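Now for the letters of each chain:
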Amino acid sequence: MGKITGFMEVARQDLTSLPPEERVKTYSEFTIPLSLESVSTQGSRCMDCGIPFCQTGCPVNNIIPDWNDLVYKGQWQSALETLHSTNNFPEFTGRICPAPCEAACVLNINSDAVTIKNIEHTIIDHGWEQGWVKPQIAAQKTGKKVAVVGSGPSGLAAAQQLARAGHEVTVFEKNDRIGGLLRYGIPDFKMEKHLIDRRMEQMRAEGVSFKTNVHVGVNLSTDELLKDFDAVLLTGGSEHPRDLPVPGRELDGVHFAMSFLPQQNKRNAGDSVNNNILATGKHVVVIGGGDTGSDCVGTSIRQGAASVTQFELMPRPPEKENKPLVWPNYPMKMRTSSSQEEGCQRDWSVATKAFLGSNGKVEKLLAVRLDWQKNDQGQMVMKEVPGSEFEVKADLVLLAMGYLHPVHEGMLKDLNVGLDNRGNIAANTDNYKTSLDKVFAAGDMRRGQSLVVWAIREGRQAARAIDEYLMGSSTLPR
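Residues numbered from 1 in each chain as written. Predicted model: local features only at pLDDT ≥ 70, side-chain atom pairs only at ≥ 80, totals over all residues. Heavy atoms only, no water.

Asks: I'd love a proper account of the packing of aromatic side chains, names of residues and values included.
Replies: With the rule as written, the count across this model stands at five aromatic pairs. Relative to Y469, the ring of F440 lies with its centre 5.4 Å away and its plane at 70 degrees, an arrangement referred to as edge-to-face. On the criterion of sequence distance, the pair formed by F440 in strand β18 (residues 439-441) and Y469 in helix α20 (residues 452-471) is long-range, its members being 29 residues apart. On the basis of relative accessibility, which here comes to 30%, the residue Y469 falls in the partly exposed class. A cation sits over an aromatic face here: R302 above F189, 3.8 Å from the ring centre. (Phe/Tyr/Trp six-rings, centres within 6.5 Å; stacked < 30°, edge-to-face > 60°. Helix = DSSP H or I, 4+ residues; strand = E, 2+ residues; numbered from the N terminus. Buried < 20%, exposed > 50% of the residue type's maximum accessible area, 1.4 Å probe, protein only. Lys NZ or Arg CZ within 6 Å of the ring centre and 35° of its normal.)

Shown next as structure tokens:
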């Protein structure tokens, strides 16, 4: 695939970005696209490696060598068709996926991986510009009705696949706009929301109906849902956040990340926001070193925070991975996000002991340093370092420590659906069926907090399982 000697002749060329001092002035995307010619040249680096580990590294099993080769040859429309054969929304994954495919690239063993993510990004953006992305309307309708509860990437992928199979699909969303965490969890500077709106128009043309401000189990009963539809797919995400029950947790100014991030996305959309949580002029502490924490950092900086500090409970990861040990798996290594580049003090092996304040408002955070050691079973355990307690200013504390499981109150309790030992909906990957007849589950609601690309994969597979359940067989791809 690609040019036989391309990987020896062409160096990896990554995207460039606007400098931090420029990009923090807006909430717009800030990467600078490469020319089509440059991306085509990058496609030439794809090796004829025999076993394309990139495909198995990719949760949706993108046929990466094929579209790399097509891009190298300038066959962009064919590359788009190949890309869409496994991924409904490459403009989402091409922007926010951490690219496990690149970690699994054979070239990554002893060189720089192929720029798979940017090639994907360019294929779909060029496809939209050329008008190649069109509705795929089913030739005939089945007469079957399917409800999809939740409009994140899993729900949207399933809805699109089911509509293309000829079913009448209705997507229910509790918020005022479609998109789930794509809409209200991911900042606009990472993914602008017109990308979702554009896909919605395509899906409407394909026959998908969208109903917003409908909270199943609250203002729409689960009995009514089960009565009106032949199948129901639950894709409501994993929205029960991990809390930090330490003294002072009740102080004003200590918030979950998902109380903070959606507000800015709403402001960017022109909406008014009640009970504003703003970082402007404040000393912000973000607890949690993952993607959500990074999103809090970038948003706080754009709001004009006086300072931003980010704490991580785990030890600082190594600067580079041990490739012979971990390849082709996604490695644990030191990474710095674009938001962290913009001005953030980071610290590792730090635990929060208490929030301190006066007049009901948080003013400081009391923390302690940790020592991580392996126990006799080889497990990493933490111990507080004696005498290492310290305080930092904190006018705003954002808890970004991940999510435990879907919200149980309301829909799940009303349905009395079976749960696994982690509190997620119990449904296997053979057929995505839950403990209830005609009720299926996919995405984070089933597998737990995960990546957008995993959500798309589960949505597609659940759609095929539902199609088989309704029709006895399915022509949808696995």
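So, next bit.
Asks: Describe in detail helix α10 (residues 153-164), supporting the description with residues and values.
Replies: Between the first and last C-alpha of α10 there are 17 Å, a value that for 12 residues agrees with the 16 Å anticipated at 1.5 Å per step. With 11 of 12 residues buried, α10 is to be regarded as a mostly interior element. Of all the positions in α10, only P153, S154, G155, L156, A157, A158, A159, Q160, Q161, L162 and A163 are classed as buried. The first or second residue beyond α10 is G166, which carries a positive phi of 100 degrees. (Expected span 1.5 Å × (residues − 1).)

Asks: Give a description of the sheet that holds strand β3 (residues 145-149) that names residues and reports values.
Replies: Adjacent strands of a sheet pair through backbone hydrogen bonds, lying either parallel or antiparallel. Spatial ordering of the open sheet is given by β5-β4-β3-β6-β18, a layout of five strands whose pairing is parallel. Both outer strands of the open sheet, β5 (209-211) and β18, are each paired with one neighbouring strand and no more. If you compare each strand with its neighbour and ignore which way they point, the axes differ by 20 degrees on average. In this structure, β3 lies alongside strand β6 (residues 231-234), joined through four bridges in parallel fashion. Bridge assignment links V149 to a residue of β6, and that residue is L234. Its contacts with the sheet put α10 on β3, β4 (168-172), β5 and β6, and the angle it makes with β4 is roughly 165 degrees. (Pairing = 2+ DSSP bridges. Axes fitted to C-alpha atoms, helices over the stretch in contact; angles between N-to-C directions. Contact = heavy atoms within 4.5 Å.)

Asks: Talk me through unusual backbone geometry; I want residue IDs and the actual numbers.
Replies: That bond from W327 to P328 is cis: its omega, 10 degrees, falls within 30 degrees of zero. With phi around 55 degrees, N213 is a residue other than glycine that occupies positive phi space. Within the secondary structure, N213 sits in the loop between β5 and α13 (222-228). Residue N213 is classed as partly exposed on the basis of its relative accessible area, which comes to 45%. We note that S349 has phi near 55 degrees; this positive angle belongs to a residue other than glycine. The residue S349 is located in the loop between β11 (345-348) and β12 (350-358) in this model.

Asks: Any details on the pairing of strand β10 (residues 307-312)? Residues and values, ideally.
Replies: Counted residue by residue, β10 has five buried out of six residues, so it is predominantly covered. Pairing of strand β9 (residues 283-287) with β10, which is carried by five bridges, proceeds in the parallel orientation. The partner of V285 across the bridge, within β10, is T309. For the crossover from β9 across helix α15 (residues 291-302) to β10, the handedness is right-handed. Bridge analysis of β10 against β11 gives four bridges, and the strand direction is parallel. Note that in β11 the partner of E312 across the bridge is W348. (Right-handed = clockwise from strand over helix to strand, strands pointing away.)

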